[in-house]
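Architecture at a glance
One letter stands for each residue in the lines below.
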Amino acid sequence: MEEDILLKASNLSLKDGNKVLLDTIDLSIKRREIVTIIGPNGAGKTTLLNILLGLRKPSAGLVYKSANCQIGYMPQKIQLNPLLPLSVEHFLSLASTHSKTSIAQMHVALKRTGVDALLKTEMASLSGGEVQRVLLARALIRKPNLLVLDEPVQGVDLKGQDQLYKLISDIRDELGCGVLMVSHDLHLVMASTDNVICLNQHICCHGHPESVSNHPAYIELFGNSISHVAAYTHHHDHDHNLHGEVCETTLKEK
């Protein structure tokens, strides 16, 4: 439904001199939908996110945000000086430039990501998985209805990646927000998303994970890279056709 669209891009293109970085990109993200952008290195994934976030201007095309679209952004990585003391509390206090972040807000966000015991801990002493959960908590502090996550499981072991993807799905279900992710972890992310966009400067294919993984353009880029993995198993309160479009809402038996 059009009223459920939080963010929409139409005919986005970006050139750097004669080099085409992005070519005629169309996409949309709705409430309660997880959309994941995949693609090889240099495909333009982070560049596309920067345009959608308003951090970079396209050469052509438009980005539309709904009037009430509130974005929470989780960057691919952060650079922290390990010699400077910086607690999780201090780091989260920098989350908003418009208003002061309260301790109560921090506790709520950290509890939602499962690391509320780390409030007073130094950022430099955190594990990779803990850092990612703190970054996700930081994105949640502004109470977004759209989460934009750039490689959210970077630097996390396989078990931790699975747990983080499940956490993101749970947050979507709890808050009813939309989620736009960039990821290269094909086998895990394909089981943790509603729609996939395969990007290589242009959109090669898109839709439901099962249909994308069998698309010739996907196989050309990645081969049968997830053929050994169990079929798509993500569940919530609606179904999709093979194009990733939401069908009539049904209640699933448990």
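Residues numbered from 1 in each chain as written. Predicted model: local features only at pLDDT ≥ 70, side-chain atom pairs only at ≥ 80, totals over all residues. Heavy atoms only, no water.

Observations concerning helix H5 (residues 158-175)
Taking 1.5 Å per residue, 18 residues should reach 26 Å; H5 reaches 26 Å between its end C-alpha atoms and fits that length. Listing the buried residues of H5 in full gives Gly160, Gln161, Leu164, Tyr165, Leu167, Ile168, Ser169, Ile171 and Arg172. Just beyond H5, the residue with positive phi is Gly176, at close to 70 degrees. (Helix = DSSP H or I, 4+ residues; strand = E, 2+ residues; numbered from the N terminus. Expected span 1.5 Å × (residues − 1). Buried < 20%, exposed > 50% of the residue type's maximum accessible area, 1.4 Å probe, protein only.)

Looking at the side chain of Lys45
You can see Lys45 is positioned in helix H1 (residues 45-52). This buried residue, Lys45, is left without a salt bridge; Glu151 holds the nearest opposite charge, at 5.3 Å. (Lys, Arg positive; Asp, Glu negative; His and termini not counted. Salt bridge = Lys/Arg side-chain N within 4 Å of Asp/Glu carboxyl O.)

What about the pattern of salt bridges?
A full pass over the atoms with the stated rule returns five salt bridges. The partner of Asp170 in a salt bridge is Lys166, and the shortest N-O contact between them spans 3.0 Å. With Asp170 and Lys166 both in helix H5, this residue pair falls four residues apart, about one helical turn. Between Asp173 and Arg172 there is a salt bridge whose closest N-O contact spans 2.7 Å. On the basis of relative accessibility, which here comes to 30%, the residue Asp173 falls in the partly exposed class. On the basis of relative accessible area, Arg172 is assigned to the buried category, the value being 0%.

Remarks on the sheet that holds strand S6 (residues 146-150)
Spatially, the six strands line up as an open sheet ordered S5-S6-S7-S3-S8-S9, and their pairing is mixed. Only two strands of the sheet have a single neighbouring strand rather than two, namely strand S5 (71-74) and strand S9 (202-207). Geometrically, the sheet is characterised by an average inter-axis angle of 15 degrees between neighbouring strands, direction not taken into account. Docked against the sheet, helix H4 (residues 128-140) engages S5 and S6, running at close to 160 degrees with respect to S5. (Pairing = 2+ DSSP bridges. Axes fitted to C-alpha atoms, helices over the stretch in contact; angles between N-to-C directions. Contact = heavy atoms within 4.5 Å.)

Topic: the pairing of strand S8 (residues 195-200)
With five of six residues buried, S8 lies mostly within the body of the structure. Sheet analysis places strand S3 (residues 34-38) next to S8, joined by four bridges and oriented parallel. In the strand pairing of S8, Thr36 is matched with Val196. Relative to S9, S8 is paired through five bridges, and the arrangement is antiparallel. Along S9, the bridge assignment pairs Ile197 with His206. In this structure, the hairpin formed by S8 and S9 is closed by a connection of one residue, where Gln201 is found at a positive phi of approximately 70 degrees.

Considering the sheet that holds strand S1 (residues 5-16)
Spatially, three strands are ordered S2-S1-S4 in an open sheet, and the strand pairing comes out antiparallel. The strands lining the two open edges of the sheet, one partner per strand, are strand S2 (19-30) and strand S4 (60-65). Within the sheet, the average angular offset between the axes of one strand and its neighbour, ignoring direction, is 10 degrees. When S1 meets S2, the two strands line up antiparallel, connected through eight bridges. Looking across to S2, one finds that Asp16 is bridged to Lys19. With respect to the sheet, H1 is in contact with S1, S2 and S4, its orientation differing from that of S1 by roughly 120 degrees.

Description of the environment of Tyr73
With respect to the helices and strands, the residue Tyr73 is situated in strand S5. Looking at Tyr73, the relative accessible area reads 27%, which means it is partly exposed. For the pair Tyr73 and Leu136, spaced 63 residues apart in sequence, the C-alpha separation works out to 8.1 Å.

Quick word on the packing of H4 against H5
One way to put it is that H4 packs onto H5 with a least axis distance of 12 Å and a crossing angle of 15 degrees. Taken together, H4 and H5 sit at an angle that is classed as roughly parallel. With respect to the hand of their crossing, H4 and H5 are arranged in right-handed fashion. The segment H4 lies against H5, with Gln132, Arg133, Leu136 and Leu140 engaging Gln163, Leu164, Leu167, Ile168, Ile171 and Leu175. Here the residues of the contact of H4 with H5 are counted per class, giving seven nonpolar, two polar and one charged. (Parallel < 35°, antiparallel > 145°, perpendicular 65-115°, else oblique. Left-handed = near helix turned anticlockwise from the far one by under 90°. Nonpolar A, V, L, I, M, F, W, Y, C, P; charged D, E, K, R; others polar.)

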